Amino acid sequence: DQCYVGQKFNGNDKTDLVFQWSDNAQQSGPYSPDYLRFVFTSNYVSTDATGARSLEGLEGLRLFPNSNQSIFVGIGDWYKATVDSGGVHVNPRERLDLLDRTIRIRQLIPDYNNDTLSRVVMVDSTGRLHWRRLNSFISSDCDWVVQTPEPHVSSVYNGGACDWNEKHGVGVGLIVPKMKLHVRHVNDALLSPTAVFGESYFDVPQAPGVAVQGVHGRASSTLLTGPLMQQRAYGVMGESFGSRSTVGVFGFADITAASEGQATENYGVMGLALANGNTDHCVGVFGRASGATDPMDDWAGWFEVNVNIQGGDLYINEVFQLSDAGLKTNIQDATSLLGVISSLQPKSYQFNAEAVQGMNLPEGDRVGLIAQEVEEVLPELVQEVRVPAKYDTLGTMVQEAHTYKTVNYVALIPYLIGAVQELSAQNAIMQEQLAACCANPTVPADGKAMGSEEETLQGDARSLLIQPNPFNEQTTLSYTLERSGRAQLLVNSADGKQLKALYEAVQEAGQYQYTWNNDDLVPGVYYVTLLLDGEPLVKKAVKVAR
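Residues numbered from 1 in each chain as written. Predicted model: local features only at pLDDT ≥ 70, side-chain atom pairs only at ≥ 80, totals over all residues. Heavy atoms only, no water.

Okay, the overall build of the protein chain next. Across its full length, the protein chain carries 4 helices and 31 strands. The proportion of buried residues among the 546 residues of the protein chain is 23%. For the protein chain, restricting intrachain contacts to residue pairs at least 6 apart in sequence, the fraction spanning at least 24 positions comes to 46%. Here the protein chain displays about 39,300 Å² of accessible surface, and carbon together with sulfur accounts for 53% of that area. (Helix = DSSP H or I, 4+ residues; strand = E, 2+ residues; numbered from the N terminus. Buried < 20%, exposed > 50% of the residue type's maximum accessible area, 1.4 Å probe, protein only. Contact = heavy atoms within 4.5 Å. Areas by Shrake-Rupley, 256 points an atom, 1.4 Å probe, with all protein chains shown as cover.)

And the structure:
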């Protein structure tokens, strides 16, 4: 490393005044490159870390060798910028790099004015200078007009200065609009990526709010007949593509700031579609979703508070689901559903409104099922819902992503119907068994031989114990014989039909065990009968899904 200030002779009468410094060949690392700095100092103060009175001084200019072929020139206190960054070196990064402030031109030379030039100088978000062609700007020949009173901003209106007429569209953010009002918005760091955002307020106390609507869409084809008949009429239809969170139509209506009075109606989004009977499809609000990473995350509608459904003259407060036989295959009667329903245990509870903020969970005592418990019996009726994180208009996360489990209560209806039917069949069988019991004096009068819910009988009496119960694939049948005889273990379905004989032999009095592998049976209720010389002892067995 070395430097000098002096003359450099170039031959004949050509000499240059040179400020020269040198460094080793290394172009990176903690010791390279060395800079040429212009520093001003004043009275030294030991407590000053930067500035003219500091040990380092006030830097005004720095020459930074970017490579063997170029030097970057930076104007500003680069040493202070390095200190402020926590020690991370800050150096010029362009041929001319202003660390702070800007450039001021005291006088514009008239001779340099040229209105025919087609390029302008602009800066990007990092402050770098660029040039841009003038023809890339939207023409301002027919711009928005500010009118009084209020003022209002208008364009493409009757009596305006533009050559357009009422047939032409208005484009915001694009040159050629395709709608009466066509808005195109490319994401910007300072703006929410929303094409149209509707807000509606009543801020005059004397004017009662009849309806406050953020976005109100209405499509009508009642006046169209013949060849002009509309195929579809949509009140509101929105499309949005290609960002972390896309919203086709977003409506926001707020009356919370009203000091007095009450708005009759308050709609975030309202869709109204009217037809004259000749329209193939008439939809007030239509939703369709597809393309999520997991298809289970596609939701045509998402509501975080109560939903009220009101129909017209034909269907009042009714919701219909797909159930047409033409849409189904492999149709069979479902059996053994009573055991499934018996395995579900309703719970009383209150929602934990503080568990996840922003879900608007209802208050008060409620009765329902626990999704995790339903999942053990009927996993196909439980779905995990993934809620994405929420961000404000500046991109700051206001609520983290979270998941929770939901239950398809509507799908429980067929199980309930089947369980009621099986229970009715069981009652009929029990009536027959009770009549046979009363007619057979060998059966104890207390009814235990007919399948008492007690799992064991005391003393040397006959008993049958099923453990575990409920079970999923295998269980153990433990039984006691009070005397010798022909013993049989039989299995019946919930409707009384005999399915199989598990075991049959002549056995002495005593205690025995039999391991029952039942992976060939579907979940449901079954009955195990212990016969000793034809005398029955019946126990209920419940198989559940894994």
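One can find arginine 462 in the loop between α4 (412-439) and β25 (463-467). A polar contact of 3.2 Å, which involves the side chain of arginine 462, links it to the side chain of glutamate 482. Polar contacts involving the side chain of arginine 462 include one to the side chain of glutamate 535, which spans 2.9 Å. (Polar contact = N/O pair within 3.5 Å; in protein donor to acceptor, adjacent residues only side chain to side chain.)

Another aspect to go through is the pattern of salt bridges. Tallied over the full model, the rule gives 18 salt bridges. With a shortest N-O distance of 3.2 Å, glutamate 482 and arginine 462 are connected by a salt bridge. Separated by 20 residues along the polypeptide, glutamate 482 in the loop between β26 (474-481) and β27 (485-493) and arginine 462 in the loop between α4 and β25 bring together distant segments of the chain. For glutamate 482, a relative accessible area of 32% corresponds to the partly exposed category. Judged by its relative accessible area of 10%, arginine 462 is buried. Aspartate 520 is the partner of lysine 500 in a salt bridge, and the nearest nitrogen-oxygen pair spans 2.9 Å. Of this pair, lysine 500 sits in strand β28 (residues 498-507) while aspartate 520 sits in the loop between β29 (510-517) and β30 (524-532), and the two are 20 residues apart along the sequence. With relative accessibility at 49%, the residue aspartate 520 sits in the partly exposed group. (Salt bridge = Lys/Arg side-chain N within 4 Å of Asp/Glu carboxyl O.)

A separate point is the nonpolar core. Core analysis: the biggest nonpolar cluster contains 22 residues, and Leu344, Val374, Leu378, Leu412, Tyr415 and Val525 have the highest contact counts within it. Of all elements in the fold, only α2 (338-342), α3 (371-377), α4, β30 and β31 (535-543) reach the threshold of two or more residues within this core. With sequence-adjacent residues up to four places away left out, valine 374 is seen in contact with Leu344, Leu369, Pro379, Val382 and Val407. Counting 18 residues, the second largest nonpolar core, distinct from the first, contains Leu464, Phe471, Leu481 and Ala487. (Core = buried A, V, L, I, M, F, W, Y, C linked by side-chain atoms within 4.5 Å.)

Along the chain, the position of histidine 402 falls in strand β24 (residues 402-407). For histidine 402, a relative accessible area of 15% translates into the label buried. Along the chain, histidine 402 and alanine 389 lie 13 residues apart, while their C-alpha atoms are 7.5 Å from each other. Only 3.4 Å separates the side chain of histidine 402 from the backbone oxygen of glutamate 400, close enough to count as a polar contact.

Here we take up the sheet that holds β31. Read across the sheet, 4 strands follow the order β28-β27-β30-β31 without closing on themselves; strand pairing throughout is antiparallel. The open sheet has two free edges, formed respectively by β28 and β31, since each of these has just one partner strand. Sheet twist, expressed as the average angle between the axes of neighbouring strands with direction ignored, equals 15°. Across 9 bridges, β30 lies against β31 in antiparallel orientation. (Pairing = 2+ DSSP bridges. Axes fitted to C-alpha atoms, helices over the stretch in contact; angles between N-to-C directions.)

For the rest of this paragraph, the subject is a nonpolar patch on the surface. On the surface, a nonpolar cluster with roughly 420 Å² of combined accessible area is contributed by Phe303, Val307, Ile309 and Val319. With respect to the helices and strands, the residue phenylalanine 303 is situated in the loop between β18 (281-285) and α2. A relative accessible area of 62% means that phenylalanine 303 is categorised as exposed. (Patch = residues over 30% accessible without salt bridge, like charges linked within 9 Å, V, L, I, M, F, W, Y side chains within 5 Å.)

A negative phi holds for most residues other than glycine; trans holds for most peptide bonds. Between glutamine 467 and proline 468 the backbone carries a cis peptide bond, its omega angle lying at -5°. Relative to the assigned elements, proline 468 resides in the loop between β25 and β26. Residue asparagine 12 is not a glycine yet carries a positive backbone phi of 55°. For asparagine 12, the position within the fold is in the loop between β1 (2-9) and β2 (15-22). In the Ramachandran plot, aspartate 533 falls in the positive-phi region, its phi being about 55° despite a non-glycine side chain. Secondary-structure assignment places aspartate 533 in the loop between β30 and β31.

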